[in-house]
Amino acid sequence: MLWPMLAIALGFLGVAVLSVLAVRVFVEVRRLAGQVDEASRRITEASGDLERAAADLARAGGAARP
């Protein structure tokens, strides 16, 4: 009777450990998703800045032509 109870207790502990690890993974995935969102927003802003700078440069280069 000892071995089946021990097996059940170890099984329960295993499931509990896996549950804790799953929660930790979920929290880290949410944090990573937030960082990816922030990086994407910053890249989009930088892309817009680059497009505006390129347009200004093109206009300035066109005005300098004889």
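Use the structure listed above.
Attention shifts here to the overall build of the protein chain. The helix and strand tally for the protein chain stands at one helix and zero strands. At 28 Å, the protein chain has a C-alpha radius of gyration far larger than the 11 Å of a compact globule built from 66 residues. Considering only C-alpha atoms, the protein chain reaches an extent of 100 × 15 × 5 Å along its principal axes.

A few words now on the pattern of salt bridges. A complete count under the given rule lists five salt bridges for this structure. With a shortest N-O distance of 2.6 Å, Glu-38 and Arg-41 are connected by a salt bridge. Note that Glu-38 and Arg-41 are positioned in helix α1 (residues 2–64) at a spacing of three residues, about one turn of the helix. Classification of Glu-38 as partly exposed rests on a relative accessible area of 35%. In this structure, Asp-56 and Arg-59 form a salt bridge, with 2.8 Å as the shortest nitrogen-oxygen distance. Residue Asp-56 and its partner Arg-59 are located together in helix α1, separated by three residues, close to a single helical turn. Asp-56 sits in the partly exposed class, given a relative accessible area of 42%. Relative accessible area serves as the criterion here: at 56%, Arg-59 is assigned to the exposed category. Salt bridges sharing partners connect three or more residues here, namely Glu-38, Arg-41 and Glu-45.

In this section: a nonpolar patch on the surface. Residues Leu-2, Trp-3, Leu-6, Leu-10, Phe-12 and Leu-13 make up a contiguous nonpolar surface patch of about 730 Å² in total accessible area. Within the element layout of this structure, Leu-10 appears in helix α1. The exposed category is assigned to Leu-10, whose relative accessible area is 53%.

Reading the values: the criteria
Throughout, a residue's number is its position along its own chain's written sequence, starting from 1. Where totals are concerned, whole chains, interfaces and linings use all residues; where local detail is concerned, this predicted model gives features only for residues with pLDDT of at least 70, and gives and counts side-chain atom pairs only at 80 or more. Only hydrogens and water are set aside; all other atoms, that is, all heavy atoms of the structure, feed into the side-chain values. A helix here means a DSSP run of H or I that spans at least four residues, while a strand means a run of E at least two residues long, and both kinds are numbered starting from the N terminus. Throughout, radius of gyration means the C-alpha value; the globule benchmark is 2.2 Å times the number of residues raised to the power 0.38. Here a salt bridge means any side-chain nitrogen of Lys or Arg lying within 4 Å of a carboxyl oxygen belonging to Asp or Glu. Each residue gets one of three labels from its accessible area relative to the maximum for its type: buried under 20%, exposed over 50%, partly exposed in between, using a 1.4 Å probe on protein chains only. Only residues whose relative accessible area exceeds 30% and that form no salt bridge enter a patch; like-charged residues are grouped when within 9 Å of one another, and nonpolar side chains (Val, Leu, Ile, Met, Phe, Trp, Tyr) when within 5 Å. Note on areas: Shrake-Rupley with a 1.4 Å probe; residue coverage comes only from the protein chains shown.

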